[in-house]
Amino acid sequence: NLSGITCPVTIFLKDGIYYEKLLIKDIPGASETNTVTFTSQSGDSSKATIKIPGNALKDEDMIYMEETRHGAFRDLGLFTGTTPSTSFSNNAVNLNNTRYITFENCYFEVKKESDIGISIQPGCEAIYIRNSRFDNLNPKAGAIAAKGDQTRNIEIAGNTIKGTTEWQYSAISFSNNVDNIRINDNLIENCFRGIYVVSCDTIQVMGNIIKNTNEGVNIYNCFAVSEVSGNRLTDIINHPNASDGTSAIMVNTASKVKVYNNYIVTTGTGPVIGINLQAASQCSVDFNSLNIINADAQGKGKGINVRNSSNISARNNIVSISNPGYPVYFQESTNQIVFDYNDYYSLEKRIGYFNTAGYNDLQSWRGATGFDQHSVTANPFYTSVTDLAINQALLNNSGIPVAGITADIDGNSRNVTTPDIGAHEYSPCVVDAGINAITSPESPLSGGNEEIRVILQNQGTSMLSSVKIYWAVNEIQQG
């Protein structure tokens, strides 16, 4: 802090536990070339650990960086939580007006209520948080929080983040005009809400795995071009406090948000919404695959929900729903809506809800809404509950190109003229067949002998000369 540096400097920590409260200021001589790096000598973040002292007070920071430039923390353990003190609301690292700071391969234990692993305050720029692990051990502890004017260019990539289970708390949160946010390729699990972005600009949420959460991604009051793409959201579950349902992806009072190439799987009991657009405008929902399988006796579950929104388009999506809810649901006033080239598959044979009425077939849905003139109702035959790659020939080459979306969720190129419906571009087998549906008997049964009729689909690319159908009654193989 006082003498500065004249060359790149690395400070090695030997294996051990260090109780510290550090203040790092603007280091004289620090530059893009002359950096300051704190790292473990062994390269093991579980062996060289900095912990906040037991005498720390509420709202104190373990490492406070003010106007610091060009620094890095690598392969270190950084822990909050004082013992036996009851202090809380401490940050492992607090950045204020700092720039070009990197955290890489670090391990954060965030132990007490309102503790934060990395807190990013106004005036910060070029903060990179990569390949680190955050264990949020208190239900109200968070991994990363950023806020404030003049805070920009924040990258969170390749991290593993667990915890933050309390109602309305988020593992990662951004607020108050942070600009240019990239949250990519992270594993986020076991929390109430994975990612919350409010009143910020230019957001990219891409390639993340978000699982066992009540809410996945929530973008609120944001009006710059942003995208939520290539994410796998699984085991999205209801919360007892959410009577109308939680959401895998929520876009609320926002515009210019593109939601595409995502897998969404809901589970548990109670209502869950796959993609929820509330007071949204100029937003698009394209090439997503949804598997809404949570048990919801109330019928409040929804695949795509649109409420009080305008200038919304939804194309090339698969919505498969096994509860009594609706694949697509329109609430209150909407205008300038384009829905087409989608696949709606419901075990309850529902299509959508519009203008206070529900519809159970595409023909009546088209007549009432004018939507989905090229949409279908086909079982997508997902590879598994969570692997939403399709095995349905009716969805192959049945979509429409969308400008700017040239690859699928796995990076495979889209067909430039007739892409597949759903997040995964599909190549049919040469020889394949399957039962699309059982059309007879239907409930309620009249009693006595019932004729069994099925729809057999050629799922392959070659002509079929014969097919053998295997069938069972009460799980006993027949024929």
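In the block above lies the structure referred to throughout.
Cut-offs and rules
Residues numbered from 1 in each chain as written. Predicted model: local features only at pLDDT ≥ 70, side-chain atom pairs only at ≥ 80, totals over all residues. Heavy atoms only, no water. Helix = DSSP H or I, 4+ residues; strand = E, 2+ residues; numbered from the N terminus. Buried < 20%, exposed > 50% of the residue type's maximum accessible area, 1.4 Å probe, protein only. Contact = heavy atoms within 4.5 Å. Areas by Shrake-Rupley, 256 points an atom, 1.4 Å probe, with all protein chains shown as cover. Lys, Arg positive; Asp, Glu negative; His and termini not counted. Charge placed at Lys NZ, Arg CZ, Asp CG, Glu CD. Salt bridge = Lys/Arg side-chain N within 4 Å of Asp/Glu carboxyl O. Disulfide = S-S within 2.5 Å. 1 Å grid on protein atoms, 1.4 Å probe; cavity = no way out; pocket = protein on both sides within 12 Å on 5 of 7 lines; lining within 4 Å. Points joined across faces, edges and corners; volume = space filled by probe spheres on them. Nonpolar A, V, L, I, M, F, W, Y, C, P; charged D, E, K, R; others polar. Phe/Tyr/Trp six-rings, centres within 6.5 Å; stacked < 30°, edge-to-face > 60°. Lys NZ or Arg CZ within 6 Å of the ring centre and 35° of its normal. Core = buried A, V, L, I, M, F, W, Y, C linked by side-chain atoms within 4.5 Å. Arc of directions from axis to C-beta. Polar contact = N/O pair within 3.5 Å; in protein donor to acceptor, adjacent residues only side chain to side chain. Pairing = 2+ DSSP bridges.

**A word on the overall build of the protein**
Helix and strand counts for the protein come out as one helix and 40 strands. Once the C-alpha set of the protein is aligned to its principal axes, its extents read approximately 90 × 50 × 45 Å. When the 479 residues of the protein are sorted by exposure, 51% land in the buried category. When contacts within the protein are restricted to residue pairs at least 6 apart in sequence, long-range pairs at least 24 apart make up 72% of them. Split by element, the accessible area of the protein, about 20,700 Å² in all, is 47% carbon and sulfur. Looking at the protein, you have 33 positive and 46 negative side-chain charges, and the mean spots of the two groups are 4 Å apart.

**Some points on the environment of Asn-252**
In this fold, Asn-252 is placed in strand E25 (residues 246–252). For the pair Asn-252 and Ala-279, spaced 27 residues apart in sequence, the C-alpha to C-alpha distance is 5.9 Å. Ignoring anything within four residues of it in the chain, the contact list for Asn-252 reads Ile-219, Tyr-220, Asn-221 and Gln-278.

**Section: the pattern of salt bridges**
With the rule as written, the count across this model stands at 22 salt bridges. Of the charged contacts, one joins Lys-349 and Glu-442 as a salt bridge, the two residues approaching to 3.6 Å between their closest N and O atoms. With a gap of 93 residues between them, Lys-349 in the loop between strand E34 (343–346) and strand E35 (352–354) and Glu-442 in the loop between strand E37 (433–440) and strand E38 (453–458) connect regions that are remote in the sequence. Put simply, Arg-99, Glu-125 and Arg-152 are held in one network by salt bridges that share partners.

**Some points on the state of the cysteines**
A full pass over the atoms with the stated rule returns zero disulfides. Cys-191 carries a free sulfur, and the closest cysteine sulfur to it, the one in Cys-200, is 18 Å from it. Given the relative accessible area of 3%, Cys-191 is considered buried.

**With respect to the layout of surface pockets**
The space that makes up the largest pocket amounts to roughly 490 Å³. Lining the largest pocket we find 20 residues, and of these Tyr-345, Ser-346, Lys-349, Thr-377 and Ala-437 sit closest to its centre. Ranked by the residues each element gives to the lining of the largest pocket, the list is headed by E37, at four residues. Broken down by class, the residue content of the lining of the largest pocket amounts to ten nonpolar, six polar and four charged. Size it by volume and the second largest pocket reaches roughly 390 Å³. As for the second largest pocket, its lining consists of 25 residues, of which Asp-244, Gly-245, Thr-246, Ile-273 and Asn-276 are closest to the centre. Broken down by element, the residue count for the lining of the second largest pocket peaks at four residues, all from E25. For the lining of the second largest pocket, a count of residues per class yields six nonpolar, 13 polar and six charged.

**Here's the deal with the packing of aromatic side chains**
Evaluation of the coordinates by the stated rule reveals 18 aromatic pairs. A connected cluster of aromatic rings, assembled from ring pairs, spans Phe-330, Phe-339, Phe-354, Tyr-359, Trp-365 and Phe-371. Between the NZ or CZ atom of Arg-193 and the centre of the ring of Tyr-196, over which it lies, the distance is 4.6 Å. Seen from the ring of Tyr-329, Lys-302 lies directly overhead, with NZ or CZ sitting 4.7 Å from the centre.

**Quick look at empty space enclosed by the protein**
Throughout the structure, instances matching the rule amount to one cavity of 30 Å³ or more. Taken as a whole, the largest cavity spans an internal volume of roughly 40 Å³. Taken together, Ile-24, Ile-27, Val-36, Phe-38, Met-65, Thr-68, Arg-69, His-70, Gly-71, Ala-72 and Phe-73 make up the full set of residues lining the largest cavity. Counting residues per element, the ones that place at least two in the lining of the largest cavity are strand E4 (36–40) and strand E7 (69–74). The element contributing the most residues to the lining of the largest cavity is E7, with five residues. When grouped by side-chain class, the residues that make up the lining of the largest cavity number seven nonpolar, three polar and one charged.

**What to know about the nonpolar core**
Of all hydrophobic cores here, the largest spans 89 residues; its most connected members are Leu-78, Phe-108, Ile-120, Phe-174, Phe-339 and Trp-365. When neighbours within four sequence positions are excluded, Phe-339 is seen to be in contact with Ile-304, Val-306, Ile-312, Ala-314, Val-328, Phe-330, Tyr-344, Phe-371 and Asp-372.

**Some words on helix H1 (residues 362–369)**
Residues Leu-362, Trp-365 and Thr-369 constitute the buried set of H1. On an axial view of H1, the arc spanned by its buried residues comes to 60°, and they lie on one face. In H1, the exposed residues that point more than 90 degrees away from the buried face are Gln-363 and Gly-367. The backbone nitrogen of Gln-363 lies 3.2 Å from a side-chain oxygen of the residue at the head of H1, namely Asp-361. One or two residues past the end of H1 sits Gly-370, with phi positive at roughly 80°.

**Description of the side chain of Ser-119**
Turning to its location among the elements, Ser-119 is positioned in strand E12 (residues 116–120). Sequence-distant contacts of Ser-119, that is, excluding residues within four places in its chain, are made with Asn-91, Val-93, Asn-94, Leu-95 and Ala-145.

**Section: the environment of Ala-143**
Note on placement: Ala-143 falls in strand E15 (residues 142–147). Residues Ala-143 and Ser-173, 30 residues apart in the sequence, show an inter-C-alpha distance of 8.6 Å. The contact partners of Ala-143, leaving out residues within four places of it in the chain, are Ile-116, Gly-117, Ile-118, Phe-134, Asn-136, Ile-161 and Ala-171.

**Digging into unusual backbone geometry**
Residues apart from glycine generally show negative phi values, whereas peptide bonds are mostly found in trans. Look at the link from Ser-440 to Pro-441: it is a cis peptide, with omega at 5°. Within the secondary structure, Pro-441 sits in the loop between E37 and E38. With a phi close to 60°, Asn-176 is a non-glycine residue in the positive phi region.

**Examining the pairing of strand E31 (residues 302–315)**
As judged from the five bridges shared by strand E28 (residues 272–278) and E31, these two strands associate in the parallel manner. Bridge pairing links Leu-277 to Val-306 in E31. The pairing of E31 with strand E33 (residues 326–340) spans eleven bridges and is classified as parallel. Directly across from Lys-302, in E33, lies its bridge partner Tyr-326.

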